[in-house]
Amino acid sequence: MGDWDRAQVVERAPHLAAHGHEDVATVLVTVKAYPAIGKQTGEAVCVAGVRLDREKPEWIRLFPVGFRALPADKQFKKYQVLKLKVLPAASDRRPESPKPDLSSMRVGDVIPSASGWAHRQALMEPLIGATTTCELLAGVRADAGAAPSLGLIKPRVSDLTVTVNPAYKAVDAGTVTTDLFGHETDLLEESPVIAKFRYHCESRDCGGHQQSLIDWESGQLARRNRTRGAAEMLRLHRERFLDQLCAPDRDTHFYVGNMHQHPRDFLVLGLWSPPADVAGQATSAGALRLPR
């Protein structure tokens, strides 16, 4: 893979010195959830990705991230490489969830989608399809504190339901609020839609899953299309996330992760959706669409 080999990417990541026992992580961002407001964290984004500086790639969750409060040159994109210090989490027991030191963060390369996402795939293996939603659920039921809480699973998609979010309220441009730390910020506008996938994972005895999609791109797409009217907004959402990203010619997987306070509740954090032949597979490698 040349310039996008994992060792090359880690070597080329921005320099950040570690002192003593400090843990410095090199992370490929794969997930940015839509912002939410917590009682203790204020407005925050859940970010997840792949840690590249270990012997094998492994999942890492960065939370909380006050993304909109970051300087413009630190507002990273999906599939961008970050380097930052991480600390032991004070209360989050999930194994992939250290506390990020955002003041130390350095922003590096964006891994391109050229060559059918092959460069990204080279960095993600062997995590692609390595687990199932049923396996993740079984793990947290047995031991929520030690079980994996992130995965990239292969779905057989039956439907995506998209409804108008009854809690949505339009926010006028320039409307500000004060966060928990006394800083003024633009008022957060909730996603205008609630989107939920219905699918089966690859576990033999899977009875099916229904999980909310909380990807940043989902919320932003709905906000852009809101002025077209509710019916068109909902239609365009299904077209993008079901008809296009789960099409038979895509090798679609779901990034799934659970909630800190509700570890048995998993959500679809985002989609991995390269052309099906990226893995040298036939068209049938795409997310299988079941009849409704």
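Note that the structure is a prediction, hence the values are computed from the model and not measured.

Trainee: Which residues make up the overall build of the chain, and what are the values?
Mentor: Within the chain, the secondary structure is distributed over 5 helices and 15 strands. Scored against the burial criterion, the 292 residues of the chain give a buried share of 47%. Long-range pairs, those at least 24 residues apart, make up 67% of the contacts in the chain with a sequence separation of at least 6.

Trainee: Account for the packing of helix 4 (residues 216–225) against helix 5 (residues 230–244), with residues named and values stated.
Mentor: Axis separation between helix 4 and helix 5 bottoms out at 9 Å; the angle between their running directions is 145°. Read as a crossing pair, helix 4 and helix 5 show a hand that is right-handed. Contacts from E217, S218, L221, A222 and N225 in helix 4 reach M233, L236, H237, R240 and F241 in helix 5. In terms of residue class, the contact of helix 4 with helix 5 is made up of 5 nonpolar, 3 polar and 2 charged.

Trainee: An account of the state of the cysteines is requested, with residue identities and associated values reported.
Mentor: If you walk through the whole model with that rule in mind, you get 0 disulfides. Unpaired in this structure, C206 has its nearest cysteine sulfur neighbour in C201, at a distance of 3.7 Å. You can call C206 buried: its relative accessible area is 11%.

Trainee: Please set out the side chain of K83 residue by residue, giving values where relevant.
Mentor: Looking at the secondary structure, you find K83 in strand 5 (residues 80–87). D53 provides the closest opposite charge to the buried, unpaired K83, separated from it by 7.9 Å. If sequence neighbours within four positions are ignored, K83 has contacts with A13, P14, L16, V24, A25, T26, S104, M105 and R106.

Trainee: How would you summarise the pattern of salt bridges if you had to cite specific residues and measurements?
Mentor: This model, assessed by the stated rule, comprises 16 salt bridges. Of the charged contacts, one joins E22 and K85 as a salt bridge, the two residues approaching to 3.1 Å between their closest N and O atoms. In this pair, E22 is assigned in the loop between helix 1 (6–12) and strand 1 (23–32) and K85 in strand 5, connecting sequence segments 63 residues apart. For E22, a relative accessible area of 34% corresponds to the partly exposed category. Here E232 ties to R235 by a salt bridge, and the two come within 2.8 Å at their closest N and O atoms. Taken together, the residues span about one helical turn, with E232 and R235 both in helix 5 at a distance of 3 residues. A network of salt bridges, in which partner residues are shared, links D23, R51, D53, R54 and E58.

Trainee: So, the packing of aromatic side chains: which residues are in play, and what are the values?
Mentor: Going through the model one piece at a time under the given rule, you end up with 9 aromatic pairs. Aromatic side chains F67 and F76 sit 5.1 Å apart centroid to centroid with 85° between the ring planes, which places their arrangement in the edge-to-face category. Neither residue differs from the other here; F67 and F76 are each classed as buried. Following the ring pairs from residue to residue traces out a cluster consisting of Y34, F67, F76 and W216.

Rules and cut-offs
- Residues numbered from 1 in each chain as written.
- Predicted model: local features only at pLDDT ≥ 70, side-chain atom pairs only at ≥ 80, totals over all residues.
- Heavy atoms only, no water.
- Helix = DSSP H or I, 4+ residues; strand = E, 2+ residues; numbered from the N terminus.
- Buried < 20%, exposed > 50% of the residue type's maximum accessible area, 1.4 Å probe, protein only.
- Contact = heavy atoms within 4.5 Å.
- Axes fitted to C-alpha atoms, helices over the stretch in contact; angles between N-to-C directions.
- Left-handed = near helix turned anticlockwise from the far one by under 90°.
- Nonpolar A, V, L, I, M, F, W, Y, C, P; charged D, E, K, R; others polar.
- Disulfide = S-S within 2.5 Å.
- Lys, Arg positive; Asp, Glu negative; His and termini not counted.
- Salt bridge = Lys/Arg side-chain N within 4 Å of Asp/Glu carboxyl O.
- Phe/Tyr/Trp six-rings, centres within 6.5 Å; stacked < 30°, edge-to-face > 60°.

It is worth stressing that arrangement in space is one thing and function is another; only the former is reported here.
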